[in-house]
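# Analysis of the macromolecular model
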Amino acid sequence: IGESESLGAAISNVARHLSESSGIPIRVRLDEQPTRLRPEVEAELFRIAQEAMNNAVKHARATSIDVRCQVYAPEAIITITDNGVGLQSARTDSHGLKIMRERARLIGAELVVRDNASRGLTVSVALKVPRSTAHADADAGSPTLLEKR
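A short tour of the structure in this document, coming up. These numbers come from a predicted model, not from an experiment.

Moving on, we get to the packing of helix 1 (residues 7–22) against helix 2 (residues 39–59). The N-to-C vectors of helix 1 and helix 2 enclose an angle of 20 degrees; their axes lie 10 Å apart at closest approach. By the angle class used here, helix 1 and helix 2 are roughly parallel. Where helix 1 crosses over helix 2, the handedness of that crossing is right-handed. Contacts between helix 1 and helix 2 involve L7, A10, I11, V14, A15, L18 and S22 from the former and E42, L45, F46, A49, Q50, M53, N54 and V57 from the latter. Within the contact of helix 1 with helix 2, the residues separate by chemical class into eleven nonpolar, three polar and one charged.

Next up, the structure:
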């Protein structure tokens, strides 16, 4: 992710490389507005998406992976769904989900991992501005909702 590359473009590039190296088709759907998220927020969201795609390729025995990236700053939702074996018992050396949860927590996002009953896994990270905060900030004349603490 850089000044010239959007979050969606960066996720698309990783998906393309992973698909080429693994032979697993990864379909990416982007819905982005030109307004960017803060760089540190984009970086964490990118790393979460990258880890979820890597996990699907390495562990899920999936034959297809779908990625949806919606960015309407200051909000974003990224969803990675595979058709693999679903959530397996964690290995003792596995820290991927824990790290993804921590990354989400650092930026105030919610990470949801849903096992689709032996039909794959869905990992979703959502960065939302709490509606009560948005109204309070608007009432107080706050100039930006991009800074979320």
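In this section: helix 2. The first and last C-alpha atoms of helix 2 sit 30 Å apart over 21 residues, in line with the 30 Å expected at 1.5 Å per residue. Every buried residue belonging to helix 2 is among V41, E42, E44, L45, F46, I48, A49, A52, M53 and A56, and all of these are buried. Once helix 2 ends, the next one or two residues include R61, with phi positive near 55 degrees.

Calculation rules
Residues numbered from 1 in each chain as written. Predicted model: local features only at pLDDT ≥ 70, side-chain atom pairs only at ≥ 80, totals over all residues. Heavy atoms only, no water. Axes fitted to C-alpha atoms, helices over the stretch in contact; angles between N-to-C directions. Helix = DSSP H or I, 4+ residues; strand = E, 2+ residues; numbered from the N terminus. Parallel < 35°, antiparallel > 145°, perpendicular 65-115°, else oblique. Left-handed = near helix turned anticlockwise from the far one by under 90°. Contact = heavy atoms within 4.5 Å. Nonpolar A, V, L, I, M, F, W, Y, C, P; charged D, E, K, R; others polar. Expected span 1.5 Å × (residues − 1). Buried < 20%, exposed > 50% of the residue type's maximum accessible area, 1.4 Å probe, protein only.

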